[in-house]
Amino acid sequence: MLDFIYYPVSFILWCWHKVFGLVFGEASAIAWILGIIFLTFTVRGIMFKPFVNQVRSMKKMQDFAPEMKKIQKKYASDRQRQAAEMQKLQKEHGVNPLGSCLPMLLQIPVFIGLNHVLRAFTMPPPGGGPKTENYFFTQHDVQSYVNAKLFGVNLGEAVYNGVGVVSGGAANVGFQWGVLPVALPLMIVASIATHLTARHSVARQNAASATPQTAIMNKLTMYIFPLGVLVFGALFPLGLLFYWLANNGWTLMQQRLVYTKIDKEEAARKAEAAEKRATLGPKPGQKPTAPKVGQKPVQQKKNQPAQTGSQKKVAKAGSAHGFAQLTPAEAAAKAAEAAKADGATAADQLPADTNGQNGSKDNGTDVPGLLKDSTRKSGRKRR
């Protein structure tokens, strides 16, 4: 019924067994164990691209997890609307929820197929007599597998063969205590490898996106699944335990490589964004050139020649006094003109002790061009 699974699995195993059989001998347990391990690596290599897509999909889902929480809270009473909004959000971010399940779904048929193929080596044919074939394996291959023993135990034997779903009609039904010394260390190591793989995956999750359902799943994958491997590993043949070990070892190595690559890509994007912001924004330590609050910009009148040298204005801009914008010579000329206009001479308007400067510090103003109160004259003659 599942020949479409059994034949491909047996073909890959047959190829690798032939390769390692040339080195260690076809009847060697090492050749069969390495064949099973590299069968695992072949299948996982085919699923490498879906695994990378799975990791990227999970990363995107963690990034917009706060938005998902808002939708769940907003439409808590309307499950249909909530599902529609979640699908819309996932479509906007380009996330496929099934992408994270695809690698696991692809491994299940391989697990079932390998278990059946390994069991079938020791299953008697329906009509009785010797086993002549096992899918891609010939009778010679079947005999080499039966004769391949690891510490006196055949690779197709398990601690307990009483469950038909797993044993598939094995010849030796019941407990096989001679298998336990070899199977128990493999079961323990496989359980530890399952825990480490799940722990490494959980450590990558974003704490902000955690939900009660996520916490439950994390506990299941980190503790319940490894415990299940330790307990139900007694039902698996030795060859399948080697498959489980190779599968978890590959997963742990693949996670480290893929996560490291994604972290580098994320760091590069952040550095590029920071560099772009630094290029567009002001340089560090640069003072802003914007005018101060309340300060009016000084505009030069049209058709007015630029002032150079001693003609430059030296007083404060925006002074209330008209002379505050002029040099001492210009201030004196201005004072003379003002005195003439008022009927007085320029000599009456200039102080005697300014030494050519029309400024005074005695009056407290300290503004050039402003006369002392004591020396100012009205310009009219006293009668």
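Residues numbered from 1 in each chain as written. Predicted model: local features only at pLDDT ≥ 70, side-chain atom pairs only at ≥ 80, totals over all residues. Heavy atoms only, no water.

Colleague: Please give an account of the overall build of the protein that cites residues and values.
Modeller: Tallying secondary structure elements over the protein gives 13 helices and 2 strands in all. The buried share among the 383 residues of the protein stands at 35%. Considering only residue pairs separated by 6 or more positions, the protein has 64% of its internal contacts joining residues 24 or more positions apart. Counting only carbon and sulfur atoms, one obtains 61% of the accessible surface of the protein, whose full area is about 24,500 Å². (Helix = DSSP H or I, 4+ residues; strand = E, 2+ residues; numbered from the N terminus. Buried < 20%, exposed > 50% of the residue type's maximum accessible area, 1.4 Å probe, protein only. Contact = heavy atoms within 4.5 Å. Areas by Shrake-Rupley, 256 points an atom, 1.4 Å probe, with all protein chains shown as cover.)

Colleague: Describe the environment of Ile-71, naming the residues involved and giving the relevant values.
Modeller: Inspection of the secondary structure puts Ile-71 in helix H4 (residues 65-74). The spacing of Ile-71 and Arg-81 is 10 residues in sequence and 9.3 Å in space, taken between C-alpha atoms. If sequence neighbours within four positions are ignored, Ile-71 has contacts with Gln-82, Glu-85, Met-86 and Leu-89.

Colleague: I'd like to hear about the pattern of salt bridges, residue by residue, with values.
Modeller: Applying the stated criterion across every chain yields a total of 2 salt bridges. For the salt bridge of Asp-141 with Lys-18, the shortest nitrogen-to-oxygen distance reads 3.2 Å. On the criterion of sequence distance, the pair formed by Asp-141 in helix H7 (residues 139-147) and Lys-18 in helix H1 (residues 3-24) is long-range, its members being 123 residues apart. Take Asp-141: its relative accessible area is 2%, and that puts it in the buried class. Using a relative accessible area of 25% as the deciding quantity, one classes Lys-18 as partly exposed. When salt bridges that share partners are traced, they join Lys-18, Glu-26 and Asp-141 into one network. (Salt bridge = Lys/Arg side-chain N within 4 Å of Asp/Glu carboxyl O.)

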